[in-house]
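A structural walkthrough
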Amino acid sequence: MHINLKTKLIVSNAKTIDGRGAIVHIIGKGCIMIEHVGNIIIHGLYIHDCEPSGNTKIRVSPTDVVGRGNRTVMD
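Report on the accompanying structure. The written sequence of each chain sets the order in which its residues are numbered from 1. Side-chain atom pairs in this predicted model are given and counted only at pLDDT of 80 or more, local residue features only at pLDDT of at least 70, and totals for whole chains, interfaces and linings cover all residues. Here the side-chain values reflect all heavy atoms present in the structure, with hydrogen atoms and water set aside.

For the purposes of this analysis, a disulfide is any pair of cysteine sulfur atoms at a distance within 2.5 Å. Applying the stated criterion across every chain, the model contains one disulfide. Note on cysteine connectivity: Cys31 is disulfide-linked to Cys50, with sulfurs 1.5 Å apart. Torsion about the S-S bond of the Cys31 and Cys50 cystine: about -80°, corresponding to left-handed handedness. Of this pair, Cys31 sits in the loop between β4 (24-29) and β5 (32-34) while Cys50 sits in strand β7 (residues 45-51), and the two are 19 residues apart along the sequence. The class for Cys31 is buried, based on a relative accessible area of 4%. The class of Cys50 is partly exposed, set by a relative accessible area of 37%. A run of DSSP states H or I qualifies as a helix once it reaches four residues; a run of E qualifies as a strand once it reaches two. Both are numbered from the N-terminal end. Buried means the residue's accessible area, taken with a 1.4 Å probe over protein chains only, is under 20% of the maximum for its type, while exposed means over 50%, and partly exposed covers the values in between.

If you want it as structure tokens, here you go:
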């Protein structure tokens, strides 16, 4: 199975991404972003050929959407 991401896949706290039992490739723009979180398990995935996705918007609550751009050293 190939999962072709069009934007970043942002992983929050206490998540499991499990590819056991299948051959799973994650490719495309952005790939997986794990930042300032804990208790993350990623198992049995092939992650390759990722490209920066640039600016994107993410929903942080039912009413709030924030911009997320390319990260810098100052962030």
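Mapped onto the elements of the fold, His48 is located in strand β7. Separated by 21 residues in the primary sequence, His48 and Ile27 have C-alpha atoms spaced 5.5 Å apart. The criterion used for residue contact is that any of the two residues' heavy atoms lie within 4.5 Å. Sequence-distant contacts of His48, defined by excluding residues within four places in its chain, comprise His25, Ile26, Ile27 and Gly28. Within polar-contact distance, the side chain of His48 engages the side chain of His25 at 2.8 Å. Polar contacts, as used here, are pairs of N or O atoms within 3.5 Å; protein pairs need one atom able to donate a hydrogen and one able to accept it. Residues neighboring in sequence count only if both atoms are side-chain atoms.

With that settled, consider the sheet that holds β4. Two strands pair if DSSP finds at least two bridges between them. Spatial strand order, β1-β4-β7: three strands in an open sheet with parallel pairing. One side of each edge strand has no neighbouring strand; the edge strands of this open sheet are β1 (2-5) and β7. On average, each strand axis in the sheet is inclined to that of its neighbour by 15°, with strand direction left out of account. Where β4 lies against β7, five bridges are found, and the strand directions are parallel. Paired with Lys29 across the two strands is Glu51, which belongs to β7. Fitted lines through C-alpha atoms serve as axes, helices being fitted only where they are in contact, and the angles separating the N-to-C directions of these axes extend from 0 to 180 degrees.

Glancing now at the nonpolar core. Put simply, buried Ala, Val, Leu, Ile, Met, Phe, Trp, Tyr and Cys residues joined by side-chain atoms within 4.5 Å make one nonpolar core. Counting residues in each nonpolar core, the largest one holds six residues, listed as Leu5, Val11, Val24, Ile26, Ile32 and Leu45. Contacts of Ile26, omitting those with residues within four sequence positions, involve Ile3, Leu5, Cys31, Ile32, Leu45, Tyr46, Ile47 and His48.

The next point concerns the side chain of His25. With respect to the element layout, His25 can be found in strand β4. On the basis of relative accessibility, which here comes to 19%, the residue His25 falls in the buried class. With near-sequence residues (within four places) excluded, His25 lies in contact with Met1, His2, Ile3, Tyr46 and His48.

In short, the description is geometric, and any link to function would need to be established separately.
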